[in-house]
Amino acid sequence: MNSCPCGSGASYPDCCEPVITGAQNAETAEQLMRARYTAYTKAATDFIFESTHPDHRQGYDHAGTKAWAEKSEWLALEIIGTPQGGPDDTLGEVEFIARFRENGVPRTHHELGHFKRENGRWYFTDGSVVKPKPISATKIGRNDPCTCGSGLKYKKCCGK
């Protein structure tokens, strides 16, 4: 089976190909996001351009995008969440992680993509990079109960 690069588990002809070729419109923002990722894997940069909202196309570099897409090795797409962007919405958000290899170096792109539906068609508008959450640790005081559940003070148990 020719599995779709978007990671849906469906075959490419049954998944992203109809959206990329224009045979059907994406029904949700997530479906458009999956098709756009797949378009990068296939270097279908005309679709990338056409699926970008007209108000956000300024500065698009066809040649540069195509060269980058062809030179990159596309590894996986992970959809983290889609807080908006269903069939009845006009605005959508899709948080995703795209994994790829560029010049032999593994890369990860974590983004919150923004989408807009106009005249029944979803478009990508822009995205914002999701920064890693800072590591947080709860400080345990010497006289606090020990976190192991022994009932002893931390200083007399695991804090020795």
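Notes on the structure follow.

### As for the overall build of the chain
Now for step 1: Regarding its fold elements, the chain presents 4 helices and 4 strands.
Now for step 2: Reading the secondary structure of the chain in the N-to-C direction produces α-α-α-α-β-β-β-β.
Now for step 3: Over its C-alpha atoms the chain spans a radius of gyration of 22 Å, topping by over 25% the 15 Å that the globule rule assigns to 160 residues.
Now for step 4: Taking the principal axes of its C-alpha atoms as reference, the chain extends roughly 70 × 40 × 35 Å.
Now for step 5: Per-residue burial for the chain yields a buried fraction of 32% across its 160 residues.
Now for step 6: Total accessible area computed for the chain in this model is approximately 9,800 Å², and 48% of it derives from carbon and sulfur atoms.
Now for step 7: With 20 positive and 20 negative side-chain charges, the chain shows a spacing of 16 Å between the two charge centroids.

### Some details on the nonpolar core
Now for step 1: Counting residues in hydrophobic clusters, the biggest one holds 30 residues, and the most contacted among them are Cys16, Ile20, Met33, Phe47 and Phe115.
Now for step 2: Sorting the residues of this core by element identifies helix H1 (17-21), helix H2 (29-42), helix H3 (45-50), strand E1 (73-84), strand E2 (91-102) and strand E4 (121-129) as the ones contributing at least two each.
Now for step 3: At 7 residues, H2 tops the list of elements feeding residues into this core.
Now for step 4: Not counting chain neighbours up to four residues away, the residues in contact with phenylalanine 115 comprise Ala29, Leu32, Met33, Arg36, Thr90, Leu91, Gly92, Val94, Trp122, Tyr123, Phe124 and Thr125.

### Considering the sheet that holds E1
Now for step 1: Strand order in the open sheet made by the 4 strands is E1-E2-E3-E4, with antiparallel pairing throughout. Edge positions in the sheet fall to E1 and E4, since each has one partner strand and no second. This sheet shows a mean twist of 30° between the axes of neighbouring strands, independent of strand direction.
Now for step 2: Taken together, the 8 bridges between E1 and E2 define a ladder with antiparallel strand orientation. Bridging across to E2, glutamate 73 finds its partner in arginine 101.
Now for step 3: Taken strand by strand, H2 contacts E1, E2, strand E3 (105-118) and E4, and its axis lies near 165° from that of E1.

Criteria and thresholds
- Residues numbered from 1 in each chain as written.
- Predicted model: local features only at pLDDT ≥ 70, side-chain atom pairs only at ≥ 80, totals over all residues.
- Heavy atoms only, no water.
- Helix = DSSP H or I, 4+ residues; strand = E, 2+ residues; numbered from the N terminus.
- Rg over C-alpha atoms; globule rule 2.2 N^0.38 Å.
- Buried < 20%, exposed > 50% of the residue type's maximum accessible area, 1.4 Å probe, protein only.
- Areas by Shrake-Rupley, 256 points an atom, 1.4 Å probe, with all protein chains shown as cover.
- Lys, Arg positive; Asp, Glu negative; His and termini not counted.
- Charge placed at Lys NZ, Arg CZ, Asp CG, Glu CD.
- Core = buried A, V, L, I, M, F, W, Y, C linked by side-chain atoms within 4.5 Å.
- Contact = heavy atoms within 4.5 Å.
- Pairing = 2+ DSSP bridges.
- Axes fitted to C-alpha atoms, helices over the stretch in contact; angles between N-to-C directions.

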